Amino acid sequence: MAEVHVIGQIMGATGFSESSLFCKWGIHTGAAWKLLSGIREGQTQVDTPQVGDMAYWSHPIDLHFATKGLQGWPRLHLQVWSQDSFGRCQLAGYGFCHVPSSPGTHQLDCPTWRPLGSWREQLARAFVGGGPQLLHGDAIYSGADRYRLHTAAGGTVHLELGLLLRHFDRYGVEC
């Protein structure tokens, strides 16, 4: 079986209007992929950047996959949340990006978005907090449902990923 080793980190985020940010992340693959080592999802710590500064997380990612085919290449899904002074959390943005398919070190910028909801939900979000969230997480990366949503742009999550590919040449894939 061909193998993919993903080593890197979620560096942080910029462009969010909220402060005290943290990120929940997960990786999704197709049925032909098997996770050999590492964890499939995680969460960073909370960072409170100065106004206009980057929220730094430097959260490690270390995953090792085996695969029988290229279909269902890994994609990283992200949820950025903000925490207020009372410890309440509200969604700041959803985002996803495909893990690069070429070996080496890659700098990725993942734009995020959040659902707007009705004008009442927007007003409640401004004064009380909370706001609309997706019922099904797969809408983050499935285009059919996502394009029907009314959304607002969030900030950008910055990642640094290194890829090692092994035995792909045995299956006729040039790296």
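Residues numbered from 1 in each chain as written. Predicted model: local features only at pLDDT ≥ 70, side-chain atom pairs only at ≥ 80, totals over all residues. Heavy atoms only, no water.

- The name given to the chain in an unreviewed UniProt entry is B9 domain-containing protein 2, and the organism recorded there is Panthera leo.
- Comment text from UniProt for the chain, heading Subcellular location (unreviewed entry), reads "Cytoplasm, Cytoskeleton, Cilium basal body". (UniProt positions renumbered as here; feature names shortened; annotations may be inferred.)

As for the nonpolar core
1) Next: One finds Ile10, Trp57, Leu76, Leu78, Val80, Val157 and Leu159 to be the most contacted residues of the largest nonpolar core, which totals 30 residues.
2) Next: Where this core is concerned, the elements lending two or more residues are β1 (2–14), β2 (21–28), β5 (55–67), β6 (75–83), β7 (89–98), β8 (104–115) and β9 (151–166).
3) Next: Other than its neighbours up to four places away in sequence, Leu76 contacts Trp25, Gly26, Ile27, Ile61, Gly95, Phe96, Cys97 and Leu159.
4) Next: Counting five residues, the second-largest nonpolar core is a separate cluster that includes Trp81, Leu91, Tyr94 and Trp113. (Core = buried A, V, L, I, M, F, W, Y, C linked by side-chain atoms within 4.5 Å. Buried < 20%, exposed > 50% of the residue type's maximum accessible area, 1.4 Å probe, protein only. Helix = DSSP H or I, 4+ residues; strand = E, 2+ residues; numbered from the N terminus. Contact = heavy atoms within 4.5 Å.)

Remarks on the environment of Glu41
1) Next: By the element assignment, Glu41 lies in strand β4 (residues 41–43).
2) Next: When residues no more than four places from it in sequence are discounted, the contact partners of Glu41 are Trp25 and Gly26.

Side note on the pairing of β2
Regular strands show a simple pattern: their side chains alternate between the two faces of the sheet.
1) Next: Counting buried residues along β2, six of its eight residues qualify, which places the element largely inside the surrounding structure.
2) Next: Here eight bridges tie β2 to β6, and the two strands are oriented antiparallel to one another. Among the inter-strand pairings, Gly26 is bridged to a residue of β6, identified as His77. (Pairing = 2+ DSSP bridges.)

Concerning the environment of Gly93
1) Next: Note on placement: Gly93 falls in strand β7.
2) Next: Residue Gly93 is classed as buried on the basis of its relative accessible area of 0%.
3) Next: C-alpha separation for the pair Gly93 and Ser82, spaced 11 residues apart in sequence, amounts to 9.4 Å.

Structural notes on the packing of aromatic side chains
1) Next: Here the structure, examined in full by the defined rule, presents four aromatic pairs.
2) Next: Judged by centre distance (6.0 Å) and plane angle (85°), the ring pair of Trp33 and Phe65 falls under edge-to-face. A residue pair is termed long-range when its members are at least 10 positions apart, and Trp33 in strand β3 (residues 33–37) and Phe65 in strand β5 qualify at 32 residues. There is no split in this pair, since Trp33 and Phe65 are both buried.
3) Next: An aromatic cluster is defined as three or more aromatic residues linked by ring pairs; in this entry it consists of Trp33, Phe65, Trp73 and Phe168.
4) Next: It is Lys24 that lies over the ring of Trp81; its NZ or CZ is 4.9 Å from the centre. (Phe/Tyr/Trp six-rings, centres within 6.5 Å; stacked < 30°, edge-to-face > 60°. Lys NZ or Arg CZ within 6 Å of the ring centre and 35° of its normal.)

So, the state of the cysteines
1) Next: Considering all chains together, one arrives at zero disulfides under this definition.
2) Next: Left without a disulfide partner, Cys110 is nearest to the cysteine sulfur of Cys97, which lies 4.4 Å away. (Disulfide = S-S within 2.5 Å.)

Notes on the pattern of salt bridges
1) Next: The final tally for this structure, using the stated rule, is two salt bridges.
2) Next: Between Glu3 and Arg166 there is a salt bridge, with the nearest N and O atoms lying 3.5 Å from each other. In this pair, Glu3 is assigned in strand β1 and Arg166 in strand β9, connecting sequence segments 163 residues apart.
3) Next: A salt bridge links Arg88 to Asp84, with the shortest nitrogen-to-oxygen separation between them at 2.7 Å.
4) Next: Note on Arg88: relative accessible area 45%, which makes it partly exposed. (Salt bridge = Lys/Arg side-chain N within 4 Å of Asp/Glu carboxyl O.)

Remarks on unusual backbone geometry
1) Next: The backbone phi angle of Ser20 is positive, close to 55°, even though this residue is not glycine.
2) Next: As for its placement among the helices and strands, Ser20 is situated in the loop between β1 and β2.
3) Next: Phi at His167 takes a positive value of approximately 65°, unusual for a residue other than glycine.
4) Next: His167 sits in the buried class, given a relative accessible area of 18%.

Here we look at the side chain of Ser82
1) Next: Position of Ser82 relative to the elements: it lies in strand β6.
2) Next: Its relative accessible area of 5% is what places Ser82 among the buried residues.
3) Next: Leave out the neighbours within four places in its chain, and Ser82 touches Glu18, Ser19, Ser20, Leu21, Arg88, Cys89, Gln90 and Ala92.

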